[in-house]
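Chain by chain, the residues run as shown.
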Amino acid sequence: MVSAMTEFPREQWYVAAYGREIGRELFSRTVCGESILFWRTGAGEVTATSDRCVHRRFPLAEPPSRLVGDRVVCGYHGFSYGADGRCVAVPGQTRVPRTARLRSYPVLERDSFVWVWIGDPERADAAAIPRARCLDAPGYTVVSGMEPLEAGYQLLVDNLLDLSHETYLHGGYIGTPEVADTPITTEVDDEAGVVYVSRRMADAECPPFYARSTGLSGRITRWQDIEYRPPCLYQLHSRIAPVGVLPNADLSDPAAFHVEVVYAITPETGHSTHDFWAVARDFALDDAGVSEFLAEQNRIVVLQDVAALNVLQRVLDTEPAGYQELSINIDTGGLAARRLLARLVERSEPRGTGDGAGRAATPVTAR
Amino acid sequence: MSAAPRRPAPAAGLLRVVWLPGSDRLRGCCHCGAELVADGPVQVWEWLLAHPVGHRAAVPATAVPTTAGTVR
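Residues numbered from 1 in each chain as written. Chains lettered and ligands numbered in written order. Predicted model: local features only at pLDDT ≥ 70, side-chain atom pairs only at ≥ 80, totals over all residues. Heavy atoms only, no water.

Novice: I'd love a proper account of the confidence of the model for chain A, names of residues and values included.
Specialist: Looking at chain A, the pLDDT average stands at 94 and 93% of residues meet or exceed 70. Confidence over residues 1-6 of chain A falls short of pLDDT 50; this stretch has four contacts with residues more than four positions distant or in other chains. (pLDDT = per-residue confidence, 0-100. Contact = heavy atoms within 4.5 Å.)

Below, the structure written as structure tokens:
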């Protein structure tokens, strides 16, 4: 049985924020049950430390706590901390206790996201951060957001690995009958820990999400290729083209429209999740109307999922232990993802006592 | 057996499950070359993950009794 202490994988990188959210204001977000304080130094570097003053646990992102230069000053008694979490001043005395240090988290900016390492800082490897390069690359225009989800991250993983639900939950936006009707192929790279789910619709109705953004009016060839890298990064490589139009033999694909739908699935607590979403497209790059439309539509779709999963979580919370589910073909990818996640949880080291105050993060070198 | 296009066995470490078009059945393909056709994802994953138990490379797919779904 998985204990509450290990309900999500630790020793992992998670998306904590978009880079644009972190500036010269103190910012707090809870990741895997740990309340983390973020701010950007005068030099532009993102810092991540515990959001609790070591003195009396006052939250450092809470006014009247404030940022003075590159120091955080607790709004309760004035304990002051540097960017590395070390306490540099306490009130009324010159000696700063040796253990007065905020836990510091390895943190890196990648592809517009701020990634934070949840686990032993010594084990943080920047090379292990999965990439979503389309979110910060020439040739793509991106819209993005984040919605809070009052459900466990596992429900969102289930949701995203089985897109047949688009037909029912997202009809009129991204769902058409062909999605649920088209068989999938699922692959698992057991060594790399990746789940791929592919659904290739040769002749499908074009849903409004794609019709209005691409300008295609007839039936389409629609490919959905999911790439999920547990626990956090999910990418849907979506290809839209007129019926019968396929990539060239050299894999160039100039007649198709490509949309990368990216999700970062970050547990806030065992029963709540940060649902980061982004839509990157390789067409109409400078069309603000298309950006506005896709941002609005995708947010609606995400909120439809949020509403459904919030209800589902509430219902599951009332179910007696050991309730049964029925899994059918559409769940092949979701079951694979569950297994990989369970394996990551098993491999997670037990969380240490306390919040690790006094322990410094090992600097992470960008690669 | 379905006329679903066959692809080479997955590379080392890769496991593949193909939903056979025109049917409700799934074909599990192990990196060792063994295959199994079954009625639900739970059965397929259990068999794939049991490798090498019950796996015989290049042996024709084995059918299992049809059921409406899989309770897990």
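There's plenty left to go through after this.
Novice: Describe empty space enclosed by the protein, naming the residues involved and giving the relevant values.
Specialist: Residue and element names in this part refer to chain A. For the coordinates displayed, the defined rule picks out two cavities of 30 Å³ or more. If you go around the largest cavity, you meet 17 residues; those closest to its centre are Glu 166, Ile 174, Leu 236, Val 261 and Tyr 263. Elements that contribute at least two residues to the lining of the largest cavity include exactly helix 2 (165-169), helix 4 (208-214), strand 14 (220-229), strand 15 (233-242), strand 16 (257-269) and helix 5 (288-318). At three residues, helix 5 tops the list of elements feeding residues into the lining of the largest cavity. Here the residues of the lining of the largest cavity are counted per class, giving ten nonpolar, four polar and three charged. (1 Å grid on protein atoms, 1.4 Å probe; cavity = no way out; pocket = protein on both sides within 12 Å on 5 of 7 lines; lining within 4 Å. Points joined across faces, edges and corners; volume = space filled by probe spheres on them. Helix = DSSP H or I, 4+ residues; strand = E, 2+ residues; numbered from the N terminus. Nonpolar A, V, L, I, M, F, W, Y, C, P; charged D, E, K, R; others polar.)

Novice: Please set out helix 1 (residues 153-161) of chain A residue by residue, giving values where relevant.
Specialist: The buried count for helix 1 of chain A comes to seven of nine residues, which makes it a mostly enclosed element. For helix 1 of chain A, the complete set of buried residues consists of Tyr 153, Leu 155, Leu 156, Val 157, Asn 159, Leu 160 and Leu 161 of chain A. (Buried < 20%, exposed > 50% of the residue type's maximum accessible area, 1.4 Å probe, protein only.)

Novice: Please give an account of the interface of chain A and chain B that cites residues and values.
Specialist: Opposite the 21 residues of chain A that make contact, chain B presents 23 residues. Summed over both partners, the interface of chain A with chain B comes to about 1900 Å²; 57% of that surface belongs to carbon and sulfur atoms. Across the contact surface, chain A and chain B share one salt bridge. Here Arg 16 of chain B makes a salt bridge to Glu 187 of chain A, at a shortest N to O gap of 2.5 Å. If you look at where chain A meets chain B, you find seven residue pairs in polar contact (both at pLDDT 80 or more). Going through the elements one at a time, strand 12 (185-189), strand 18 (326-327) and helix 6 (332-347) of chain A are the ones with two or more residues in the side of chain A that touches chain B. (Buried area = accessible area lost by both parts, 1.4 Å probe. Salt bridge = Lys/Arg side-chain N within 4 Å of Asp/Glu carboxyl O. Polar contact = N/O pair within 3.5 Å; in protein donor to acceptor, adjacent residues only side chain to side chain.)

Novice: Give a description of the packing of aromatic side chains that names residues and reports values.
Specialist: All names here are of chain A. Counted according to the given criterion, the structure contains ten aromatic pairs over all chains. Their ring planes at 75° and their centres at 6.3 Å tell us that Phe 113 and Phe 276 sit as a pair that is edge-to-face. Placement of Phe 113 in strand 10 (residues 113-118) and of Phe 276 in strand 17 (residues 272-281) is noted, with a sequence separation of 163 residues between them. Per residue, the accessibility class of Phe 113 equals that of Phe 276, and both read buried. With a centroid separation of 4.9 Å and an interplanar angle of 85°, the aromatic rings of Phe 209 and Tyr 210 are classed as edge-to-face. On the accessibility criterion, Phe 209 (1% relative accessible area) is buried. Connected via pairs of aromatic rings, a cluster forms that spans Tyr 18, Phe 113, Trp 115 and Phe 276. The positively charged end of Arg 200 is found above the aromatic ring belonging to Trp 223, 3.8 Å away from the centroid. A cation over an aromatic ring shows up here: Arg 239 above the ring of Trp 223, its NZ or CZ 4.7 Å from the ring centre. (Phe/Tyr/Trp six-rings, centres within 6.5 Å; stacked < 30°, edge-to-face > 60°. Lys NZ or Arg CZ within 6 Å of the ring centre and 35° of its normal.)

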